[in-house]
Each structure stands twice: as structure tokens, then as C-alpha cells.
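# Per-entry structural report
Letter by letter, the chains look like this.
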Amino acid sequence: MRRVLALLVVVATLVLGGALPASATTAAEDTPAGPASGERWFGPDLDWGDDAPDGYAGRLGAVPSMYGVEIDYPIGRTAERELLRSTRAAAAQGAVLVVSLEPDQELSTLTTADARKANRLLEQVHAQYGTKVLLRYAPQMNGTWVSWGQQPTDYVRTFRALATQVHDGSSDAAMVWAPSYGAGYPFGESAGRLRDLSATDVQAVDTNGDGELTAADDPYEPYWPGAASVDWVGLSMFSFGKGKATQAAGRDVPLTRNDAPEAGEVQARFDETWGYQQPVAAGTFYDRFAKDRDLPMLLDTGALFDHSLRGDAELTVKQGWWRQVIAALDDKPLVEGVTFLETNRREPEAGNRVADWRDTAVPGIAGSFRTDLERAGDFVSGPVTERVTPQDGAAATNQQYDTGGDQMAWIVWLAVGLAAVFLLSGLFGRLVPSWRYPDDGKPGRDLRLDLFRGFIILAVVITHIEIGGPYSYITLHAVGAITGAEMFVFLSGMVLGMTYPFAIKKFGEWAAAVGAWKRARKQYLVTLAVILVVFALSFVPFLNTDAITTFTDRGTGTGGVGAEGRVYDLYPNAMQLLAYPPPWFAIRQFLLLEMGPWPFNIMGLFVVLSLFIPLFMWVIRRGFWWALLIVSWALYVYQALNPEFRPLNSQFEAVFPLLTWQVVFTHGLVLGVYRRQIVGALTGRLGKVLVGVGMVGYALFLVYVWAGNQFGFTPAPFPATMYDQLYNTAYQRVDLQWGRLVDIAFFAVVSYAILTVFWKPIAAAIGWLWIPLGQASLYVFVWQVFFALAIASIPGVDWFNGWIGFAAHTALILLGWYMVRKKVLFSVIPR
């Protein structure tokens, strides 16, 4: 009936166009939505210290639709981090999260404020990920093995307090009431038990009124919080392998062998006949609390196996149990979710030995488990909610400014300004020849490139240290479509193209190749070290490592406005690296750079590209540079046609797709090798004319399209909407679209011309700072990660105050310059 009423409310809301008052529309939220009719969610109740969703899904060979996690309550700092981590991991697979809130202090001390804080956190994760949460508060509360057990008065009070906050909030979480299967209740000696209870509790638990707490009392009803507080009911039902029904919940009876469950045991438990000393007069749990109240039910189950004992094989024990569970659910459609205990832990029922509850630890057992679930036909694999993956998080770090005219206006008028400066540079070159760069044609470092690299690396550092001030304004706006990343990659290729031939000439081709690979190895090891150091620093209480190990979407990234406020975890499964031994899936993600601080993700691109430098140079030195460029463009086009293709799936590929960004590096490499020939051709009479025409023509094209939009005419032969669409179709950074590639060349040519003509005044004014930073740009890039962390960890500072931002950026720039001058850790960090 409740579901029918909820459906009617939804239909009425749609018909009336949302005109119903708030009090009417909230009825549809009384019972948060579960799986579709005839379907069930399933998944593991994980030990999140040693395991994670990625590991479980890999072992099972399928993605489950739910995961269980245990969180301490009240929710402190550590518990909050555990809940956020598990929520992000579940969201990455589009899975429901079953949160078991387990009180770690006396129930009598829990307050409404604790419930309010928990609800605020649930609202936060729901807003960020849309993850469906089933909130199982203080489960197995009718047992004696939990500290919150058999305290009905305080349990009901605190359950209701939490339910009130959740139902009044916007988290869409469902409150789950989940006692333990009642056979063996009150789970211990009943004599004298009532003396430990308050008068109110005595009245509650003594359901037959005989003055004693015995097996004759109802194991469930005293702990029922009331229909207004409960959205789902749940039941914990485990097989401890004792072999006899009367010993199922007894810890005093030693487990001596592994036995498969008795035939019909699970069905007998649902019938409330298995393990009871006398029949339960009130009826079955399923009928009383699920069917009669029309509430969905969550079953928590599993079978114990002790590897130190003889008896039936592990597959026989566990498969015997889960097959009975699956069969027993055939006529119980209200059981809409099943969690299977997936952990390895010490159990009192096994004499405090380590017991294995896992269904996926052994490949053969995992395969049988998956097969039986698939054959059942009603267990739903994930995703069942929106997926929010670490790859989405990495992609979100590519923040765009606008997708419309404002950003294009910057591109247009900066192109005009740069074209004008380029033309004026020719005039100044004739009028003031003494300012020119003293290039006598001898081989050696080109300080113009070093100075330019210094500017670019500072732009990268300032952008990643997200504080206000004039520096940030310049780096975000002053160069049009270009960011530091493109020029960083381009110039790195160009410098390597200039220097690598000297290594070949001095040491030979093979020795130079080995040297390049050693450099790539050093870059890779430094990258791994930075990832680990940042991870280690996350355990330092006063450091805000979340600023670089997670990323908060500003609504201007690839997810659009709808993703604003979403927090992405960029260190998936990092905690599993602390397990012993660490699972392979976590090691693989670490080694393949699938985790790491977001200001550092481009480093993976350099590592991979560095491995190919000897091959590229081998081709170039034999005159086949044109073939290399053809292959480079072919890979670029392939990536454009297949944007989801990721050869490595490393974190950097979400923002800097390898097959796309290699085209900038490869062209820089070729230009570096043939720099003097290319400069000679472009500075000749014909070259100057062609470059001038190209520069001015590009600027005039942008002005023409802008004017069409500004003054309301169609810029024929282009469509009237071209200006509005141009930024999204030509200047996207991740895809390095044609406009951005043109801007790279445009900005590089203008910068080279300016630095050539105005070299002496520029070098005198800023060369002392930019040149050494440019010569150690990779070194500075490594340190900027820790600069960003340091700034984020200083509390109570208005970092978006322009003066404070100016002072902080200036101090960090000078600190970086000082470290370069003093060569701090030069022997360790690549430059």
C-alpha cells in the first residue's frame, strides 16, 4: 500500500507540473527507491582495511550492485574519512553503499547533535555522488556480542533520533533496522540477566511477562523503533558451521570441523524454526516486519570456514550455504538486497581462530559464486547508480573558464595584440639592433628558450597554487587559449631535440639511448616517490593533503555545472598499499600511475614520452622526420576519432591523452633538431612575409568572426553561430583541437621574435629569475606539489585577497629560485 501511495504521489506531481505543496511531495520519499521489481541488489560486506571494491570486482569477475562498510558512530574525523573513502569507491562502480553505523560509546551518551552531524555528511556525499545509501544503524542490537546489544530503550531512542534527521534531510538515505537471527536468544545465560537492565528495559525485553529474560521472549519486538523511523528491515543470518541447530549461536561450543550446512537450514531460519528451543508464536521475521509492513528487506549473510580444521571442503561449505540462500529467496520478493560477509577475521565461534568468510578469495570458489548468482537471474550487477570514477576526477582537473564568447574574446584580442607586437618587433629590430639576442650561430644553450621555459613553469606553479592575486590573473587570462601545459610539453620536446644530438656526438647513439632511458627511469621513480610521500603526509594531522589528493569540481570542468561541488578521490585504493601483502590491484594502480596528486599528473606523460626519445631520434637522424610526423598525426587523428581509448589508463591520460599530446612533443623534438635550419628559413625574406601573412591572417579571421557575432551579420562563408561554437569546437585543451594547436605555434613564434629583438632589456629585468628556473623547470615542477600542499595547510588565511595572494606567490617564486640556485636535492630530483 505504501508503494502504491508513493506511486500515486509521483504521478500526481508529474501531472500537476510540480504544483503540489512540499508536504505532499515528501510522501514519495518515505521509502527511498530500491531495485526494480523482480530484482535484488547484492554485494560484499567488505573489510575495507585490506580490501576494496576494485579488488572484489576483479576477483568475482563482475561488478556487484552494493557494498557494505562499517563506520564508527558518532562520526569523528577518522570515521568521516573512512565514510568518504568508501563512498567514493562505491560511486566509482555505481554501487549502493550499505553503511553500518556502529556505536563506539555508550548508547545513553549519544545525542541529537551526533545524528545531525551524521546526516550532514550523508547529505554531502549524496549531493556529490548521488550514491544510494542504506543506513544500517547499530545492527544485531538484540545480541550480546556487541557493546550496544540488548539495550532496547536507548537503542530505540537513538535510532529514532537519527531517522528523524535523515528523513528531514536531503540525503535520500534509507534507515535499515537489522537485528540478528533470533535462534539462541538471549544468547547466553538468562539467569540474572534482568538485574543488568533498567526497569524500562526489563519491561521491554520481558515480552511474555514471566519476569525472566529467556528463549521464550520475543527476540525482535523490543528493539523495533516504529514504522515511522524504518525504511528497510534487515536480518543478519550466518552459518557458523556448528553442525547442530541448538549450537548455532553458542560460543561455548568449540568448532571441531568444517561441516556443510544441513539441508533446508536457511529456509528453516526464514521459517523461524531452526535453532529455537521452542516455536516462535509471533510468526516469522519476514512476515512480521517485511511482508506485513510492506518494507523492503536486506539480508546480511555468509558461511564461516576454518582452514585449520578438517571436514568438508571450503567450496562445499560455502556453496552449500549460498545456494540455500538463493533458493530460499525465490518466494520472498521483499528481500531486495543481500550482502555477503567478505572478510578474514578471528571469531569466538571458531575458538578465536582466524575464520574465512570470503566467497571470492579462491578463483574457483569465486567463479562458482558468480555462476550461481547469474543462474538465479534476479541478482543485479552494477552499476545501479551514477558512476563517478577516478578517471572522471582526473578529467575534472582540466577546468575550463567559459564555453562561450567571453573566453573567445580573450583569444581574439590577444591574437590581435600579439600579431601587432610581432609586426612591431621587426621595426624595433631595425631601429635598436643592440637589443638583439647575441646569437653567433655557435652550438650551446639558447637562453631565450630557458627564459621562456621559466615563464611557462611559473605559470604552471601559479595556476596549481590556487590563490588570488595579479599573478593568477595573468596566468589564467593573458595568453589566450594557451596554458602552461602545452608550452611545457612543446618546449621540453624542443630542448631535448637540441641537446640529444650532442649526447650522440659525444657518447655514441647507443650510450645516448641508454642515458635517455636512465633519465626516464629516474623520472618514473621520482614520480612514484612523490605519490608515496604525499600519501604518507596524509597521515599528518595538520596537513590538508585533501587539497591535492582529491579534487573539487568547480562546475567548469568536463562534467559541467551539474558536477559542481563533487569531490573526486585521486588516490583510489591507496590505503590498500598498507595491507600485508598489498593486493595486486592496488600495486598495479600505483605502478601505472593511476593515483597521485592532481598538480602532478602531467609527469606521467613525460615519463612515457621520455621512453620513446631514442626511437624518435633514431628515425629523425636518418632523415625520416617526415615519416615520424605522419605517424604522429595519424595517432592524433585516431585518438580524436576514439576519444575513450586509453592505452595505459594512467591518471594523466584523462587530461593529457597520450596519443593526442604526443603530437606537440614530437613536433617540438623535430623543431629542436632542425632549429637553425627552420629559424633561417623563417627569418629570410620569403619566410618573414609568409609568417607575417599567417599571423595577421589568423588575427583578422578571429576579428571577422567576432565582429559577425558583435554586430549581427553572418561572417560568410562561415555560419552565423560560428563564434559561439568556436571555443568548444576548436580550443578545448584535453583534445588539443586545431585552434589550440594554431595558438601554440602563434604564441611560440611571437615569443621567440620578442625575445630575439628585445633580449637585453628583458634579460636585464627578469632573466636573473626566469632563466635559472627555466633551466631546472622539471625540478621546479616537482617542488610545486609541496608548495601547493603547504599553502592549503595554513588555516584562517583569506587566500583570495589580492595582496595576500601576491605576497604568497612572490615568496614561493623566490623560494623556488633560491632552491635552484643552491641546488637543493639536485642529485635526486630530475631537472
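The structure contained in this document is the topic of the report that follows. What you see is a predicted model; the values in this text were computed from it and never measured.

## Notes on the overall build of the protein chain
Each helix and strand counted, the protein chain has 30 helices and 13 strands in total. In terms of overall dimensions, the protein chain has C-alpha extents of about 110 × 65 × 50 Å along its principal axes. Split into buried and exposed, the 831 residues of the protein chain put 53% on the buried side. For the protein chain, long-range pairs separated by at least 24 residues make up 77% of all intrachain contacts whose partners lie at least 6 apart in sequence. By element, 61% of the accessible surface of the protein chain is carried by carbon and sulfur atoms, the whole surface being about 35,800 Å². Positive and negative charge centroids in the protein chain, built from 65 and 76 side chains respectively, lie 17 Å apart.

## Considering helix 29 (residues 777-792)
Relative to the 22 Å expected for 16 residues at 1.5 Å per residue, helix 29 spans 23 Å between its end C-alpha atoms, a close match to the ideal helical length. If you look at helix 29, its biggest bend is around 30°, right at Trp783. Most of helix 29 is tucked away: 12 of the 16 residues are buried.

## Quick look at the pairing of strand 2 (residues 66-73)
Burial analysis of strand 2 places six of its eight residues in the buried class, the great majority of the element. Sheet topology places strand 2 next to strand 3 (residues 96-103); eight bridges connect them, and they run parallel. Across the sheet, Val69 pairs through a bridge with Val99, a residue of strand 3. As a crossover connection, the stretch from strand 2 through helix 4 (residues 77-92) into strand 3 is right-handed.

## Section: the nonpolar core
Tyr137, Tyr155, Leu162, Trp177, Val233 and Leu702 are the most contacted members of the largest nonpolar core, which totals 216 residues. Among the elements that take part in this core, helix 16 (residues 484-507) stands out by supplying 11 residues, more than any other. Discounting chain neighbours no more than four positions away, the residues touching Val233 are Val176, Trp177, Trp224, Phe285, Phe289, Ala290, Leu295, Pro296, Met297 and Leu298.

## A closer look at the side chain of Thr339
Topologically, Thr339 is positioned in strand 8 (residues 335-342). According to the relative accessible area criterion, Thr339 is buried, its value standing at 0%. In this structure Thr339 touches Gly43, Asp45, Met66, Val98, Arg136, Leu298, Leu299, Asp300 and Thr301, once residues within four positions along its chain are discounted.

## Let's talk about the layout of surface pockets
The calculated volume of the largest pocket comes to roughly 1,400 Å³. Lining the largest pocket are 47 residues, with Phe422, Leu682, Val691, Val749 and Tyr752 positioned closest to its centre. Mapped onto the lining of the largest pocket, the elements with two or more residues apiece are helix 13 (405-431), helix 14 (447-464), helix 16, helix 22 (625-641), helix 23 (658-673), helix 24 (675-683), helix 25 (685-711) and helix 27 (738-757). Looking at the lining of the largest pocket element by element, the count peaks at 13 residues for helix 27.

## A short note on the pattern of salt bridges
On inspection of all chains with the given rule, the structure shows 24 salt bridges. Of the charged contacts in the structure, one is a salt bridge between Arg353 and Asp306, with a shortest N-O distance of 2.7 Å. Taken as a pair, Arg353 in strand 10 (residues 353-356) and Asp306 in the loop between strand 7 (297-303) and helix 10 (314-328) lie far apart in primary sequence, 47 residues in all. With a relative accessible area of 27%, Arg353 lands in the partly exposed category. Arg740 is the salt-bridge partner of Glu486, the closest N and O atoms lying 2.4 Å from each other. Linking Glu486 in helix 16 with Arg740 in helix 27, this pair joins segments that are 254 residues apart in sequence. Note on accessibility: Glu486 and Arg740 belong to one class, buried. Residues joined in a network through salt bridges with shared partners are Glu314, Lys318, Asp356 and Arg358.

## Quick look at the environment of Ala395
Turning to its location among the elements, Ala395 is positioned in helix 12 (residues 390-396). Judged by relative accessible area, which is 12%, Ala395 ranks as buried. Ala395 sits 407 residues away from Gly802 along the chain, and the two C-alpha atoms are 29 Å apart.

## Notes on unusual backbone geometry
Cis geometry is found at the peptide bond from Tyr73 to Pro74, where omega equals 5°. On the secondary structure map, Pro74 appears in the loop between strand 2 and helix 4. A cis amide bond, omega 5°, links Ala716 with the succeeding residue Pro717. One non-glycine residue, Leu593, lies in positive phi territory at about 60°. Mapped onto the secondary structure, Leu593 falls in the loop between helix 19 (584-591) and helix 20 (603-611). Phi at Leu825 takes a positive value of approximately 60°, unusual for a residue other than glycine.

## Looking at the side chain of Ser632
Note on placement: Ser632 falls in helix 22. By relative accessible area, which is 2% here, Ser632 ends up buried. Among the polar contacts made by the side chain of Ser632, one reaches the side chain of Gln662 at a distance of 2.7 Å. Contacts of Ser632, omitting those with residues within four sequence positions, involve Gln662, Val663, Thr666 and His667.

## A short note on the pairing of strand 1 (residues 40-46)
The buried fraction of strand 1 amounts to seven of the seven residues, a majority that puts the element mostly inside the structure. Pairing geometry for strand 1 and strand 11 (residues 379-380), over two bridges, is parallel. Bridging from a neighbouring strand, Arg40 pairs with Phe379 of strand 11. Alignment of strand 1 against strand 8, held across six bridges, turns out to be parallel. Within strand 8, the residue paired with Asp45 across the bridge is Leu341.

## Regarding the environment of Val664
Relative to the assigned elements, Val664 resides in helix 23. Between the C-alpha atoms of Val664 and Asp271, which are 393 residues apart in sequence, the distance is 69 Å. Setting aside residues no more than four positions away along its own chain, Val664 makes contact with Glu486, Val489, Phe490, Leu736, Leu741 and Ile744.

## Topic: the packing of aromatic side chains
As enumerated under the stated definition, the model contains 52 aromatic pairs in all. For the ring pair Trp48 and Tyr67, a centre distance of 6.4 Å and an interplane angle of 70° mean the geometry is edge-to-face. Linking Trp48 in the loop between strand 1 and helix 3 (53-60) with Tyr67 in strand 2, this pair joins segments that are 19 residues apart in sequence. You'll find Trp48 and Tyr67 in the same group, each marked buried. Aromatic pair Tyr779 and Trp783: ring centres 6.5 Å apart, planes at 65°, arrangement edge-to-face. Taken together, the residues Tyr779 and Trp783, both in helix 29 and four residues apart, mark about one turn of the helix. The exposure class assigned to Tyr779 is buried, which follows from its relative accessible area of 1%. Three or more aromatic residues link up through ring pairs in this structure, and these residues are Trp177, Tyr220, Trp224, Phe285 and Phe289. We note Arg293 situated over the ring of Trp224; from NZ or CZ to the ring centre the distance is 4.4 Å. If you follow Lys332 out to its NZ or CZ, it ends over the ring of Phe270, 4.9 Å from the centre.

## A short note on a nonpolar patch on the surface
The grouping of Leu424, Leu427, Phe428, Leu431 and Trp435 at the surface amounts to a nonpolar patch, some 470 Å² of accessible area in total. Among the secondary structure elements, Trp435 is positioned in the loop between helix 13 and helix 14.

What counts, and at which threshold
Residues numbered from 1 in each chain as written. Predicted model: local features only at pLDDT ≥ 70, side-chain atom pairs only at ≥ 80, totals over all residues. Heavy atoms only, no water. Helix = DSSP H or I, 4+ residues; strand = E, 2+ residues; numbered from the N terminus. Buried < 20%, exposed > 50% of the residue type's maximum accessible area, 1.4 Å probe, protein only. Contact = heavy atoms within 4.5 Å. Areas by Shrake-Rupley, 256 points an atom, 1.4 Å probe, with all protein chains shown as cover. Lys, Arg positive; Asp, Glu negative; His and termini not counted. Charge placed at Lys NZ, Arg CZ, Asp CG, Glu CD. Expected span 1.5 Å × (residues − 1). Bend = angle between axes of the 7 residues up to and from the residue. Pairing = 2+ DSSP bridges. Right-handed = clockwise from strand over helix to strand, strands pointing away. Core = buried A, V, L, I, M, F, W, Y, C linked by side-chain atoms within 4.5 Å. 1 Å grid on protein atoms, 1.4 Å probe; cavity = no way out; pocket = protein on both sides within 12 Å on 5 of 7 lines; lining within 4 Å. Points joined across faces, edges and corners; volume = space filled by probe spheres on them. Salt bridge = Lys/Arg side-chain N within 4 Å of Asp/Glu carboxyl O. Polar contact = N/O pair within 3.5 Å; in protein donor to acceptor, adjacent residues only side chain to side chain. Phe/Tyr/Trp six-rings, centres within 6.5 Å; stacked < 30°, edge-to-face > 60°. Lys NZ or Arg CZ within 6 Å of the ring centre and 35° of its normal. Patch = residues over 30% accessible without salt bridge, like charges linked within 9 Å, V, L, I, M, F, W, Y side chains within 5 Å.

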